[in-house]
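Letter by letter, the chains look like this.
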Amino acid sequence: MESLLSSFLFFEIVFFLSHLIFFIYLYKKVSLPFAFFHPVQISFFFIFITAYVPLKINFVFQHSYLLYEVPETYFYQVFSHYVIAQVLSYFSISLLDGSRKPVPHSNEIICNLPISPTVFLMLNVIPAILLMFSFRADLIALDFAQFSSNVKNNGNFWLLMLSLMIAILPAYHLLKEKRISRSFYIYCFLALLFVSFFGARYVILTFAISILYVLVFFLKFKFKNVLPLFVVATSFFVIISFFRSNTVLEDNQALFLLAYFIRNNDFLFNSALPLYLYDIGSYSFFMGKTWIVDAFKIFQPSYFFDKELSFFPSRFFYGSYASVDARTFNFGFFGRAFMDFGIIGFYILFIVFQLGYHFLLRIFREKKFSYLSSYLFAVLMFIKYPIFLLVGLNSHIISLVIIDCVFFLLPNALLNKKI
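What you see is a predicted model, and the numbers here were worked out from it, not measured in a lab.

> Let's hear about the side chain of S43: which residues, and what values?
Here S43 lies in helix α3 (residues 40-56). Residue classification places S43 among the buried positions, given a relative accessible area of 1%. Among the polar contacts made by the side chain of S43, one reaches the side chain of Q86 at a distance of 3.0 Å. Not counting the four nearest positions on each side in its chain, S43 is found in contact with Q86, Q354, Y385 and L389.

As structure tokens, this is what we get:
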């Protein structure tokens, strides 16, 4: 036990110190906004919340319905592998980007809107209204969790995706106006109102980050002017969580809502589970099978075909508990990468992942977008950064990237012959 604690202390120091050094490097090399809004900040907090804190407070939740327990040493291994991968990512970014000279901001702001904001609004609102009408009984009963489940699991995926893209509308309008106007606030209200009905909390990130990047990197707003955005987005996040969790139907609403926010305290356990089961010989590496099975399942219409509602790793590691109850467990970036390709595969995927997003942020800051659709696609990729950390790069999230390409790149390519 003493060796585990001494090892944890070492990686704890490396974890915080390396991130501080890399933050200072980005600040000196580029700018404070670039360092502050760099995607590695998200991965740092992801590791901090899901791996570091449970170990620090000595609380890692283990599911009672499993026939065995994962030894404690495997939780420390997950944290150490994340720290090593994070440090290697810092080094790779510094090495590959160190010779680049900072590129000054362009004065040109994207304003080529192939579709007007009003038309864009209608394209999103019409499918949203159709979904709300189809499952109006759930809304009347204030059962928002059941409404959200019915929308996603009853052959309405394409209508749902069209509806949720309303979250990008305020930034879409802001790029045209180049200023915060009354119309901008109206679009913000409409976007957040419709998002609230569907209980899609991650879409709040789409809303907040898309506007944030326009204000900071395109319109050069100061941090204090962006603060109200965080207040509004946080408020709607709590409201959506309140209804999504069915807290409205509970007696002790405050306690129930708090339990909903911290219910993913089994995250570290699920990350360590594939590592432990591989060591005891329960399976061999899937070599990409998890990605192949889950990434394309989303395109199979549930209206015509019966299909599993839980993802492949959940069914494999949790058996009938996941299959029968349609429960899906998050194995994290590490868990997914390891079960497919092992430790080396995890390091490679994690470093490539961080490098890709670093250079995408470079493109963002240097405004290398010829058309708005390219900008929107880049924003949606930034939104998926935390989702990739939650469920893995080699997961069904790739299918959502394909859908984003269809919704945003293809129409503009057809209208303008280029993207």
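> With reference to specific residues and values, describe a nonpolar patch on the surface.
A cluster of nonpolar residues, L9, I13, L17, L20, I21 and I24, forms a patch on the protein surface that exposes about 560 Å² of accessible area. For L9, the location among the structural elements is in helix α1 (residues 2-29). Looking at L9, the relative accessible area reads 47%, which means it is partly exposed.

> Can you lay out the nonpolar core for me, pointing to particular residues and giving the numbers?
If you look at the biggest cluster of nonpolar residues, it comprises 122 residues, and the most contacted ones within it are F79 and F364. Not counting residues up to four positions away in its chain, the partners in contact with F79 are F8, F11, E12, F15, I47, A51, Y52 and L55.

> Explain the packing of helix α4 (residues 72-97) against helix α14 (residues 267-279) residue by residue, including any values.
Two packed helices can be described by the angle between their axes and the distance between those axes. Packing of α4 against α14 brings their axes to within 9 Å, and their N-to-C directions diverge by 110 degrees. Relative to α14, the element α4 is oriented roughly perpendicular. Taking contact as the criterion, the partners of Y74, F75, Q77 and V78 in α4 are, on α14, L268, F269, S271, A272, L275, Y276 and D279. Split into classes, the residues belonging to the contact of α4 with α14 amount to eight nonpolar, two polar and one charged.

> Pulling in residues and values, what's your account of the packing of aromatic side chains?
The tally for this structure, following the rule as stated, stands at 41 aromatic pairs. Here the aromatic rings of Y278 and Y283 are separated by 5.9 Å at their centres, their planes lie at 65 degrees, and the arrangement is edge-to-face. Y278 sits in the partly exposed class, given a relative accessible area of 32%. Classification of Y283 as buried rests on a relative accessible area of 6%. Centre to centre, the rings of F333 and F346 are 6.2 Å apart; their planes meet at 70 degrees, and the pair counts as edge-to-face. For the pair F333 and F346, a shared accessibility class is recorded, and that class is buried. The ring of F34 is capped by R362, whose NZ or CZ atom sits 5.6 Å from the centre of that ring.

About the criteria used
- Residues numbered from 1 in each chain as written.
- Predicted model: local features only at pLDDT ≥ 70, side-chain atom pairs only at ≥ 80, totals over all residues.
- Heavy atoms only, no water.
- Helix = DSSP H or I, 4+ residues; strand = E, 2+ residues; numbered from the N terminus.
- Buried < 20%, exposed > 50% of the residue type's maximum accessible area, 1.4 Å probe, protein only.
- Polar contact = N/O pair within 3.5 Å; in protein donor to acceptor, adjacent residues only side chain to side chain.
- Contact = heavy atoms within 4.5 Å.
- Patch = residues over 30% accessible without salt bridge, like charges linked within 9 Å, V, L, I, M, F, W, Y side chains within 5 Å.
- Areas by Shrake-Rupley, 256 points an atom, 1.4 Å probe, with all protein chains shown as cover.
- Salt bridge = Lys/Arg side-chain N within 4 Å of Asp/Glu carboxyl O.
- Core = buried A, V, L, I, M, F, W, Y, C linked by side-chain atoms within 4.5 Å.
- Axes fitted to C-alpha atoms, helices over the stretch in contact; angles between N-to-C directions.
- Parallel < 35°, antiparallel > 145°, perpendicular 65-115°, else oblique.
- Nonpolar A, V, L, I, M, F, W, Y, C, P; charged D, E, K, R; others polar.
- Phe/Tyr/Trp six-rings, centres within 6.5 Å; stacked < 30°, edge-to-face > 60°.
- Lys NZ or Arg CZ within 6 Å of the ring centre and 35° of its normal.

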